[in-house]
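Working through the structure, step by step
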Amino acid sequence: MSFYITTPIYYVNDVPHIGHAYTTIACDIINRFNKLNNKKTFFLTGTDEHGQKVEKAASASNKNTQDFVDEMSKNFRDLIPYLGCEINDFIRTTENRHKEAAQFLWNKLKENNQIYLSNYEGWYSIRDEAFYLENELTKVDGKFIAPSGSPVEMVKEESYFFKLSQWQEKLINFYEKNEDAILPKSRFNEVMSFIKGGLKDLSISRTTFKWGIEIPNKEKHVMYVWIDALCNYITALNYPNTNSDTFKRFWPGVHVVGKDILRFHAVYWPAFLMAADIKPPKRIFAHGWWTNEGQKISKSTGNIINPYDIIEKYGLDQIRYFLFREVPFGNDGDFSSDAIANRV
């Protein structure tokens, strides 16, 4: 028996915080449980290092982009042992093995007639690295805002598209037969509602920036960061060698993600995989968010929780226990000094 679990790969435009620690520890706990059940396990984490946000963050730091991502990725790698977590692999999307896998996946989708060239015009959030329909946006002070609260801008450019609309019924059929493929149940209902609302073809390339994986034989286009990022889960299992022992033993796996990136993992990713003749993930679990003393955690309010600080203050086992005893897994939780003191 084997078991494969992944964290999302963490975006390197900022330093690790409690949200990153929470997801990594969650996967470590689930991985340890499966080891205790005598399963051969594989636990993957890593960093997502491409996209416009990273390019801008490097520029703002007056650093070469590759040097910037090297430095930021190390912050995430160094945190893992400090959290008491034991991983099998740490993947970076700037590695050659990943570039080769992502380009192979692209070519496979093209070969299967799933990609076409057209023009994209619509609302895009740089912060979310996501495209939005106008009916998903709200107007604040005369400007459109994404559901996440990030600003959006109108983008018009030549783009490759993935035929996502063709996968609507297939995704519905798959999830109707596999209702535990998305947990908790409320998240399953949310995804099904989104799919049944109608899927439109997805823009999967950009020409307005350069920091990304180049599309094979198309110099000015780079891959949309999500098609690149999601591919990491199979890169680490030796994709495109689907006959390798590692791939055959561990795929499909379990993805643990924050609820804000559920759509990418539960709609786009299974569609990409099925379109490339690969099985969709076994399960996607979307956990909740943490607040700090009842307030939303954000850089602007200055209340970001540093994992090193809280572990130094309360102890590693205490923090690991608190995070997973304080709230049911999947729910939102509040990180407060009183709550930790009482729980300890």
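As shown above, the structure is provided for reference.
Let us look at the structure shown here.

Reading the values: rules and limits
Residues numbered from 1 in each chain as written. Predicted model: local features only at pLDDT ≥ 70, side-chain atom pairs only at ≥ 80, totals over all residues. Heavy atoms only, no water. 1 Å grid on protein atoms, 1.4 Å probe; cavity = no way out; pocket = protein on both sides within 12 Å on 5 of 7 lines; lining within 4 Å. Points joined across faces, edges and corners; volume = space filled by probe spheres on them. Helix = DSSP H or I, 4+ residues; strand = E, 2+ residues; numbered from the N terminus. Nonpolar A, V, L, I, M, F, W, Y, C, P; charged D, E, K, R; others polar. Phe/Tyr/Trp six-rings, centres within 6.5 Å; stacked < 30°, edge-to-face > 60°. Buried < 20%, exposed > 50% of the residue type's maximum accessible area, 1.4 Å probe, protein only. Lys NZ or Arg CZ within 6 Å of the ring centre and 35° of its normal. Pairing = 2+ DSSP bridges. Contact = heavy atoms within 4.5 Å. Axes fitted to C-alpha atoms, helices over the stretch in contact; angles between N-to-C directions. Parallel < 35°, antiparallel > 145°, perpendicular 65-115°, else oblique. Disulfide = S-S within 2.5 Å.

Turning to the layout of surface pockets, a few remarks are in order. Taken as a whole, the second largest pocket spans an internal volume of roughly 440 Å³. For the lining of the second largest pocket, the secondary-structure elements that each account for two or more residues are strand S5 (115-125), strand S6 (130-132), strand S11 (202-203) and helix H10 (262-275). If one sorts the elements of the lining of the second largest pocket by residue count, S5 sits on top with 4 residues. Here the lining of the second largest pocket is composed, by residue class, of 11 nonpolar, 5 polar and 6 charged.

Once that is clear, we can look at the packing of aromatic side chains. Overall, the coordinates contain 30 aromatic pairs when judged by the stated rule. Each ring, one from Tyr22 and one from Phe324, has its centre 4.8 Å from the other, and the planes form 5°; the classification is stacked. On the criterion of sequence distance, the pair formed by Tyr22 in helix H1 (residues 18-36) and Phe324 in helix H12 (residues 316-325) is long-range, its members being 302 residues apart. Owing to a relative accessible area of 1%, Tyr22 belongs among the buried residues under this scheme. Its relative accessible area of 24% is what places Phe324 among the partly exposed residues. On the numbers, 3.9 Å between centres and 5° between planes, the contact of Trp226 with Phe264 is stacked. In this pair, Trp226 sits in helix H7 (residues 225-230) while Phe264 sits in helix H10, placing the two residues 38 residues apart along the sequence. For the pair formed by Trp226 and Phe264, the shared burial category is buried. A network of ring pairs unites the aromatic residues Tyr4, Phe42, Phe104, Tyr233, Tyr239, Phe247, Phe250, Trp251 and Trp269 as a single cluster. The residue whose ring lies beneath Arg206 is Tyr124, and the NZ or CZ to ring-centre distance is 4.2 Å.

Turning our attention to the pairing of strand S3 (residues 40-48). The buried fraction of S3 amounts to 8 of the 9 residues, a majority that puts the element mostly inside the structure. The sheet contact formed by strand S1 (residues 2-6) and S3 spans 5 bridges and is parallel. Its bridge partner lying in S3, Phe3 is registered against Thr41.

Within the fold, Gln103 resides in helix H4 (residues 96-111). What makes Gln103 partly exposed here is its relative accessible area of 26%. For the pair Gln103 and Met223, spaced 120 residues apart in sequence, the C-alpha separation works out to 9.0 Å. Among residues more than four places away in sequence, those in contact with Gln103 are Ile213, Glu214, Pro216 and Met223.

Glancing now at the packing of helix H2 (residues 52-60) against helix H3 (residues 65-82). Two numbers describe how H2 lies on H3: the axes approach to 9 Å, and their chain directions differ by 100°. What the angle tells us is that H2 and H3 run roughly perpendicular. Of the residues in H3, those touching H2 at Val54, Glu55, Ala57 and Ala58 are Thr65, Phe68 and Val69. Residues belonging to the contact of H2 with H3 are distributed by class as follows: 5 nonpolar, 1 polar and 1 charged.

This part takes up the sheet that holds strand S17 (residues 290-292). The 3 strands lie next to each other as S18-S17-S19, forming an open sheet whose pairing is mixed. A single partner strand is all that each edge strand has here, and the edge strands are strand S18 (295-296) and strand S19 (333-335). Across the sheet, H12 lies against S17 and S19, angled at about 150° from S19, the strand it touches most.

Moving on to the state of the cysteines. Overall, the coordinates contain 0 disulfides when judged by the stated rule. Its sulfur unpaired, Cys27 is 8.6 Å from the next cysteine sulfur, which belongs to Cys85. Cys231 forms no disulfide, and the closest cysteine sulfur to it belongs to Cys27, at a distance of 19 Å. Among the residues examined, Cys231 registers a relative accessible area of 0% and is labelled buried.

Regarding H2, the residues found buried are Gln52, Lys53, Val54, Ala57 and Ala58. Close packing links the buried residues of H2 with strand S2 (10-11), H3, S5 and strand S12 (205-206). Following H2 by one or two positions, Asn62 adopts a phi angle in the positive range, close to 55°.

The next point concerns empty space enclosed by the protein. A complete count under the given rule lists 1 cavity of 30 Å³ or more for this structure. Reported here for the largest cavity is a volume of approximately 70 Å³. Lining the largest cavity, in full, are Tyr10, His20, Thr24, Thr45, Gly46, Phe76, Leu79, Ile80, Leu83 and Phe90. Sorting the residues of the lining of the largest cavity by element identifies H1, S3 and H3 as the ones contributing at least two each. Here the lining of the largest cavity gets 3 residues from one element, more than from any other, and that element is H3. Here the residues of the lining of the largest cavity sort into 6 nonpolar, 4 polar and no charged.

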